[in-house]
Every structure is written in C-alpha cells, then in structure tokens.
Amino acid sequence: MKMNMNMLRQGGFFHLPNDNIVKTIGVATLLCLLCSVVVSGAATILKPQQVANKLLDKKSNILTVAGIVDANKTVDELFTQIEPRIVDMASGEYTDAVDAITFDQRKAANDTEYRIDLDKSQDIASIRGMSKYGNVYLLRDGNEVSKIILPIKGYGLWSTMYGFIALESDGQTVSGITFYEHGETPGLGGEIENEKWQASWSGKQLSNAQGEPVLSVIKGNVSSATPGAEYKIDGLAGATLTSNGVSNLIKFWMGKNAFGPYLERVRSGKAQASVNKLLNTEKG
Ligand SMILES: Cc1cc2nc3c(=O)[nH]c(=O)nc-3n(C[C@H](O)[C@H](O)[C@H](O)COP(=O)(O)O)c2cc1C
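Here, residues in each chain are numbered from 1, in the same order as that chain's written sequence. At least 70 in pLDDT is required for a residue's local features to be given in this predicted model, at least 80 for side-chain atom pairs to be given and counted, and no such filter applies to totals for whole chains, interfaces and linings, which use all residues.

Chemist: An account of the overall build of the protein is needed here, citing residue identities and associated values.
Modeler: Runs of E in the DSSP output that reach at least two residues are strands. Runs of H or I that reach at least four are helices, and both are numbered from the N terminus. When helices and strands are counted, the protein shows eight helices and nine strands. For this measure, only C-alpha atoms enter the radius of gyration; the expected value for a globule follows 2.2 Å times N^0.38, where N is the number of residues. A compact globule built from 284 residues should have a C-alpha radius of gyration of about 19 Å, whereas the protein, at 26 Å, is more than 25% larger. With the C-alpha coordinates aligned to their principal axes, the bounding extent of the protein is approximately 90 × 55 × 45 Å. Burial status across the protein gives 29% buried among its 284 residues. With C-beta atoms placed from the backbone, a contact is any residue pair whose C-beta atoms sit within 7 Å. Relative to all contacts within the protein whose residues are 6 or more apart in sequence, the contacts with residues 24 or more apart total 53%. With C-beta atoms placed from the backbone, a residue is labelled by how many other C-beta atoms lie within 10 Å of its own: buried for 20 or more, exposed for 12 or fewer, partly exposed between the two.

Right, here's the structure in full:
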C-alpha cells in the first residue's frame with residue numbers, strides 16, 4: 001500500500017501495476033468520462049442536422065400523401081406547392097396566432113400553453129390531449145385549393161400511430177392516407193404502411209349527410225356489393241385492434257372536437273373564401 005502511494009505521488013496511477021485495483025477503477029472512470037464527452041458532443045453537433053432531417057421527412061410525407069412525386073426535384077422545391085396554415089380547432093377558422101411554418105401541432109399537444117386535455121368521452125383516439133391549434137397543409141392549383149392535408153394520430157394496439165390524411169377540396173372525399181411512425185407489429189398492425197391498403201382509401205367518403213365522420217376500417221373485405229362501401233375500408237388481417245385504432249383516430253380527428261369545425265367551413269365554402277381573401281390581401 002505504501003509502495004502504491006509512493007508510485008501515485010511520483011507519476012500518477014499510470015505507473016501502478018496493471019492488476020492494481022486503483023489503476024483499474026481509475027482507467028475505467030477515465031474511459032467512461034471520455035466516452036460520455038464524445039457521445040454528448042456528437043449529439044450536440046448532430047442536433048441541427050437531426051432537426052433538419054425530421055422536417056425534411058415531414059415535408060416528404062406531406063408530399064407523398066398529396067400525391068406529389070417528381071424524382072427530378074428536391075423535397076424543398078416540391079414543397080413550394082404546399083401552403084401551411086394554422087386552424088383554430090374550436091372555431092375552425094384560419095388564424096395567425098402562431099407561425100404556420102414553425103408551429104408543430106404534435107409538440108404543442110404537450111405544451112401547457114396550447115394543450116387541451118380531453119375527457120374520456122371525447123378521447124376516442126386515446127391521445128389524452130391535443131393542441132388548440134392545428135396544422136393544415138393546402139395544395140394549391142392556382143388560386144384554388146385542390147387538396148387539404150391534415151395530421152392524424154391515435155393509439156393502435158401497441159403504440160400511437162402518426163400520419164397524414166389528404167382530402168379533396170370538398171373536404172369530404174379522401175385522396176390519400178399515410179402513416180409515418182408507429183410501433184405496431186410488422187406484418188399485422190404494421191400493414192397500415194402497406195401501400196396497396198393505403199391506396200384503397202382514395203375516393204372514400206368521410207362523413208354522412210349530418211356531417212358526422214363515419215368512414216371506418218371494417219373486419220374483412222369491402223366489395224362493391226357491400227352496403228355503404230364508400231364509407232368502408234378493408235380490415236387488416238389478424239390486426240383488428242390496430243384497424244379499430246385507425247377507425248377511432250379518423251372519427252376523432254375528422255370530428256367535432258378536432259378538425260370537424262374546419263371541415264364544416266371547407267364544405268360550406270367558407271374556408272376557401274377566407275383563403276382567397278388572404279391571398280388577395282397578400283397580393284394587394
Ligand atoms: C406477437 C403478436 C403481435 C400482435 N400484433 C398485433 C398488432 O400489431 N395489431 C393488432 O391489431 N393485433 C395484433 N396481434 C393480434 C391481437 O392480439 C388480436 O388477436 C388481433 O388484433 C385480433 O384480430 P383478428 O380478429 O383480425 O384476428 C398480435 C398478436 C401477437 C401474438
């Protein structure tokens with residue numbers, strides 16, 4: 001022990017013999033410190049790149065669901081056709097209360113400034129809370145809105161499923177759907193990513209004559225002979241619970257506690273009129 005202390009004083013613990021416990025613990029501690037500095041440094045340096053990639057991925061999903069693909073153009077070039085807007089969920093009106101480019105409805109759902117807690121009877125998508133402002137993405141065809149893209153999320157069997165739904169300008173006909181993040185089982189609930197199944201949503205109708213969202217994923221397959229086929233989507237084989245989760249999230253986000261008031265304005269032509277008014281003001 002005396003010899004160890006002398007060695008430590010002379011040249012640090014590196015001069016201690018390799019089987020010395022002080023040296024072993026010291027080297028291990030130094031190595032841990034070094035690794036944590038490298039890992040946290042890398043995380044800090046890469047953070048802006050990760051944020052940029054996430055944003056690019058989000059834009060790419062919005063373009064996919066809107067049916068805009070062009071291998072010769074970058075995502076940012078294509079995204080110039082999309083106009084982000086913010087909707088006040090309660091009134092269904094467009095608002096400038098927050099910035100349409102940077103506001104993130106998904107993040108805002110966990111921010112006390114924007115969060116609305118949902119009670120049990122409202123929370124059919126099992127999400128507990130939502131943002132009072134919603135992101136909407138408008139695909140323009142000149143002065144007219146040709147498609148409306150809305151974010152959707154809800155619980156499946158194992159996880160919260162995140163996606164986008166694209167509607168035609170009537171606010172009633174589905175143009176496309178995509179899910180970009182979920183933890184459902186590959187081959188079962190994970191089939192929400194199946195392109196063929198997603199394509200089967202195109203042309204389906206969201207709401208009944210009373211404006212209530214009735215489009216749902218059924219158990220089994222839909223044929224042209226199925227009564228109300230325009231409101232029904234094929235069930236995912238062996239994944240009824242995920243399928244029910246998808247039905248529930250559609251019912252919630254297209255319903256009166258979420259985008260329902262906005263869709264009502266779209267269907268009555270008021271939302272289009274207010275976009276045109278904004279456009280003319282911007283031009284003027
Ligand atoms: C390992 C495992 C993973 C499963 N993953 C899913 C899933 O992701 N989504 C789902 O709805 N059901 C999943 N199931 C099946 C459900 O437990 C349940 O049996 C199924 O949803 C019933 O659907 P069906 O009536 O179409 O068979 C899984 C079952 C097992 C054993």
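Chemist: Please give an account of the site of the ligand that cites residues and values.
Modeler: By definition, a residue lies near a molecule or strand when the C-beta atom built from its backbone is within 6 Å of it. Close to the ligand lie Leu157, Trp158, Glu184, Thr185, Leu188, Gly189, Gly238, Ala239, Thr240, Leu241 and Thr242. Charged residues are taken to be Asp, Glu, Lys and Arg, nonpolar residues to be Ala, Val, Leu, Ile, Met, Phe, Trp, Tyr, Cys and Pro, and polar residues to be all remaining types, Gly included. In terms of residue class, the shell around the ligand is made up of five nonpolar, five polar and one charged.

Chemist: So, the pairing of strand S4 (residues 133-141): which residues are in play, and what are the values?
Modeler: Burial runs high along S4: seven of the nine residues are buried. Two strands pair under a simple rule: DSSP has to find at least two bridges between them. In this structure, the hairpin formed by S4 and strand S5 (residues 144-155) is closed by a connection of two residues, where Gly142 is found at a positive phi of approximately 65°.

Chemist: I'd love a proper account of helix H6 (residues 240-253), names of residues and values included.
Modeler: The α-helix advances 3.6 residues per turn, and as a result positions three or four apart in sequence lie on the same side. Taking 1.5 Å per residue as the helical rise, H6 with its 14 residues ought to reach 20 Å, and the 20 Å between its terminal C-alpha atoms agrees with that figure. Burial within H6 is extensive, with 10 of its 14 residues counted as buried. On its buried face, H6 is in contact with S5, strand S6 (160-168) and strand S8 (216-217). To estimate how far a helix should extend, the number of its residues minus one is multiplied by 1.5 Å.

Chemist: I'd like to hear about the pairing of strand S7 (residues 174-181), residue by residue, with values.
Modeler: Regular strands have side chains that alternate between both faces of the sheet. By the bridge criterion, six bridges tie S6 to S7 in an arrangement that is antiparallel. Bridge pairing in S7 links Phe164 to Thr178.

Chemist: Give me unusual backbone geometry: which residues, what numbers.
Modeler: The phi angle at Ser126 is positive, at roughly 55°, despite the residue not being glycine. Examined against the element boundaries, Ser126 turns out to sit in the loop between strand S2 (115-117) and strand S3 (129-131). Ser126 sits in the partly exposed class, given 16 other C-beta atoms within 10 Å. Phi angles above zero are rare outside glycine, and Arg128 is one such case at about 70°. Positionally, Arg128 belongs in the loop between S2 and S3.

Chemist: So, the nonpolar core: which residues are in play, and what are the values?
Modeler: Think of a nonpolar core as buried Ala, Val, Leu, Ile, Met, Phe, Trp, Tyr and Cys residues chained together by C-beta atoms that fall within 7 Å. Residues Ile148, Ile149, Leu150, Phe164, Ile165, Leu249 and Trp253 are the most contacted members of the largest nonpolar core, which totals 50 residues. Those elements that provide at least two residues to this core are helix H2 (21-66), strand S1 (82-88), S4, S5, S6, S7, H6 and helix H7 (260-268). The element contributing the most residues to this core is S5, with six residues. Residues in contact with Ile149, not counting those within four places in the same chain, are Ile62, Val65, Ala66, Tyr137, Leu139, Phe164 and Ala166.

Chemist: I'd like a description of H2, backed by residues and values.
Modeler: Between its first and last C-alpha atoms H2 spans 64 Å; for 46 residues at 1.5 Å apiece the expected length is 68 Å, and the two agree. For a residue, the bend is simply the angle between two axes, fitted respectively to the seven-residue segment ending there and the seven-residue segment starting there. Within H2, the axis deviates most sharply at Leu46, by approximately 45°, and proline Pro48 lies no more than four positions further along. Every buried residue of H2 is accounted for by Lys58, Asn61, Ile62, Leu63, Val65 and Ala66. At its buried positions, H2 is contacted by helix H3 (75-79), S1, S4, S5, S6 and S7. Residue Gly67 follows H2 closely and has a positive phi angle near 80°.

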